[in-house]
Amino acid sequence: MHGGIIRLFEIRSCHGYGGFFITIIILKRYDVTKYLRFEAVAVVDEGEVYGADYDFNALFRLDIKTGDCKYIAMFPEERIEARRLYTSAIVVGERIYFIPTVADNIDIYNTVTGKFTIIPIRSVDKNKYSGYHIAQKFFTATLYKKYIYMLPATYPGIVRIDTTDNTLEYFDSWVEENIYSFRKSVAVDDNYLYIPSAINDIVLKFDMDSCVGQILHVGTENKGCWGICKVGEYFWMSPSGSGAIIKWNPSTGDTEEYSDYPKDFNRENYGFTKIYYKDNKIKLIPSYANMGIQLYCNEAVISKVEYSGISELEVTRFMFELGKYVYLNICTKSDEEHIRLNMDNDECEKFAFVFSYNKEAYMQDLHDRLSCDKRVVRETKDISLDVYLKAISEKTC
């Protein structure tokens, strides 16, 4: 890695006369990612937190106080170079269920035995479901009774995992010809769950007892919603692009829509990465929007909210939520950083997850996976080409 650049390199390895040979071909160059990033994070117990890395195939144990991360293992049967394999994780006892986004399988990690269990999911006929994207299978999941419900991003159906025997059931009678794109935000109300589409006015209502789903069309200015939260009998939804903030009563079907944004609000390109409720106010953390906004639940006035650490020139991406903190990735044209936002007081602080322990074990696993196959690996700040070469040279000496 030189000058803040990472290289995508292909390693061809073989054993031949006279020893071990490798060929390295530089394929691409990318801007470097400074720190580890996580979306699929699981809290097994206080102080025991695991996460699937965003940028490459690796399971880590996280120190949520210091940001130090310890490599545990690679997810078996998944590509080593794949990004965003999982974006959600559910804990059931000593097991962590990692929900596939790019991954081809559900991976279950047992924190006691250190072993993985793999559950393949049913493939999708792209010709039949034109809206399906293989890299956006599922974004989130929820645990209800003994079941995990995997909620689709573009996958045509909800998949239910019976955690007593890990069998799968598929529920897709609700799927229509309409193309949808559900995100990570879901609202649960007793046995019902609600999840809005980010590209149109669709909201999926699903009964987790009867396993019957229903497509609803909500609002008149609804061009797609990124987030949803429940306050009393109402659901509040944040726009993914242009459009209104929506207040919706699913029992009556009544909606109120708010689009009178502050005067200096940029209306050309905006969206919000997180919506939440605090102190009788609905708050929206900006993504592409040039400001955070808020409104009181009983008023129709939208006002600006100041989030220290987030500027109007940055793009903010939600990574995960843990307790009162939201962990965010902040991107500018030239750099990026990580912060966590305290939803109790709107204060932000820089917080980085760092690959601190077990790099050698990762290199060993990487070498083992590469040794008999041709693979493409993305070099990073922590996993550099020179470190990898050192690891395999020591192994083969």
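Here the structure is a predicted model, which is why all the values come from computation and not from measurement.

The rules behind the values
- Residues numbered from 1 in each chain as written.
- Predicted model: local features only at pLDDT ≥ 70, side-chain atom pairs only at ≥ 80, totals over all residues.
- Heavy atoms only, no water.
- Phe/Tyr/Trp six-rings, centres within 6.5 Å; stacked < 30°, edge-to-face > 60°.
- Buried < 20%, exposed > 50% of the residue type's maximum accessible area, 1.4 Å probe, protein only.
- Core = buried A, V, L, I, M, F, W, Y, C linked by side-chain atoms within 4.5 Å.
- Helix = DSSP H or I, 4+ residues; strand = E, 2+ residues; numbered from the N terminus.
- Contact = heavy atoms within 4.5 Å.
- Salt bridge = Lys/Arg side-chain N within 4 Å of Asp/Glu carboxyl O.
- Pairing = 2+ DSSP bridges.
- Axes fitted to C-alpha atoms, helices over the stretch in contact; angles between N-to-C directions.
- Expected span 1.5 Å × (residues − 1).
- Arc of directions from axis to C-beta.
- pLDDT = per-residue confidence, 0-100.

1. Some thoughts on the packing of aromatic side chains
Any aromatic ring pair is given by two values, namely how distant the centres are and how the planes are angled relative to each other. For the coordinates displayed, the defined rule picks out 35 aromatic pairs. Arranged with centres 6.5 Å apart and planes meeting at 55 degrees, the rings of Tyr144 and Tyr149 form a pair that is tilted. Judged on exposure class, the residue Tyr144 and its partner Tyr149 are both buried. With 5.6 Å between their ring centres and 45 degrees between their planes, Trp174 and Tyr180 make a pair best called tilted. A relative accessible area of 4% means that Trp174 is categorised as buried. For Tyr180, a relative accessible area of 7% puts it in the buried group. Each member of the aromatic cluster is reached from another via a ring pair, and the members are Phe38, Phe56, Phe60, Tyr71, Phe320, Tyr325, Tyr327, Phe351, Phe353, Phe355 and Tyr362.

2. As for the nonpolar core
Counting residues in each nonpolar core, the largest one holds 23 residues, and the members touching the most others are Leu36, Phe38, Phe60, Phe353 and Tyr362. Elements that contribute at least two residues to this core include exactly strand S3 (38-45), strand S5 (59-62), strand S6 (68-73), strand S27 (315-322) and helix H1 (359-370). Of the residues forming this core, the biggest block, four residues, is contributed by H1. Residues within four places of Phe60 in sequence aside, it is in contact with Leu36, Phe38, Val49, Tyr50, Gly51, Asp53, Cys69, Lys70, Tyr71, Ile72 and Phe355. Core analysis: the next-biggest nonpolar cluster, separate from the first, contains 18 residues, Tyr147, Phe171, Trp174 and Leu204 among them.

3. A few points about the side chain of Thr111
Within the fold, Thr111 resides in the loop between strand S9 (105-110) and strand S10 (116-120). Residue class for Thr111 comes out buried when judged on its relative accessible area of 17%.

4. So, the pattern of salt bridges
Throughout the structure, instances matching the rule amount to 15 salt bridges. Salt-bridge contacts for Glu321 lead to Lys274; the nearest nitrogen and oxygen are separated by 2.6 Å. Placement of Glu321 in strand S27 and of Lys274 in strand S23 (residues 272-278) is noted, with a sequence separation of 47 residues between them. In this structure Glu321 comes out as partly exposed when scored by relative accessible area, which is 37%. By relative accessible area, Lys274 is classed as buried at 17%. The partner of Arg340 in a salt bridge is Glu349, with the nearest N and O atoms 2.7 Å apart. Salt bridges sharing common partners tie together Arg37, Asp55 and Arg83.

5. Concerning the sheet that holds S27
Backbone hydrogen bonds hold the strands of a sheet together, and the pairing may be parallel or antiparallel. Here we have four strands laid out as an open sheet, ordered S27-S28-S29-S30, and antiparallel in their pairing. What marks the edges here is a single partner per strand, and that holds for S27 and strand S30 (347-350). Shown here is a sheet whose adjacent strand axes are inclined to one another by a mean of 30 degrees, direction ignored.

6. Let's talk about the pairing of S27
Pairing between S27 and strand S28 (residues 325-331): seven bridges, direction antiparallel. The partner of Leu322 across the bridge, within S28, is Tyr325. In this structure, the hairpin formed by S27 and S28 is closed by a connection of two residues, where Gly323 is found at a positive phi of approximately 65 degrees.

7. Some words on H1
Side chains three or four residues apart in an α-helix point the same way, a direct result of the helix having 3.6 residues per turn. The end-to-end C-alpha distance of H1, which contains twelve residues, comes to 16 Å, matching closely the 16 Å that a straight helix rising 1.5 Å per residue would cover. Tyr362, Met363, Leu366, His367 and Leu370 are the residues of H1 that are buried. Buried residues of H1 fall within an arc of 135 degrees about the axis and therefore sit on the same side.

8. Some words on unusual backbone geometry
In this structure, Asn166 takes a positive phi of about 65 degrees despite not being glycine. With respect to the helices and strands, the residue Asn166 is situated in the loop between strand S13 (158-162) and strand S14 (167-171). Even without being a glycine, Asp346 presents a positive backbone phi close to 65 degrees. Its place among the elements puts Asp346 in the loop between strand S29 (336-342) and S30.

9. Let's talk about the pairing of strand S7 (residues 86-92)
Taken across its seven residues, S7 has six buried, putting it largely inside the fold. Bridge count for S7 against strand S8 (residues 95-100) is six bridges, and the pairing is antiparallel. Bridge assignment links Ser88 to a residue of S8, and that residue is Ile99. Between S7 and S8, which pair antiparallel in sequence order, lie two residues; one of them, Gly93, sits at a positive phi of approximately 65 degrees.

10. Quick look at the sheet that holds strand S22 (residues 255-258)
Overall, antiparallel pairing links the four strands, which are arranged S19-S20-S21-S22 in an open sheet. At either margin of the open sheet sits one strand with a lone partner, and together these are strand S19 (225-231) and S22. Within the sheet, the average angular offset between the axes of one strand and its neighbour, ignoring direction, is 20 degrees. The pairing of strand S20 (residues 234-239) with strand S21 (residues 245-248) spans three bridges and is classified as antiparallel. In the sheet register, Trp236 faces S21, and the bridge partner there is Lys247.

11. Describing the confidence of the model for the protein chain
The predicted model of the protein chain has a mean per-residue pLDDT of 86, with 84% of residues at 70 or higher. The low-confidence segment residues 1-8 (pLDDT under 50) makes 38 contacts with residues lying over four places distant or belonging to another chain. Ignoring residues within four places in sequence, the model shows residues 13-33, a span with pLDDT below 50, making 58 contacts including any to other chains.

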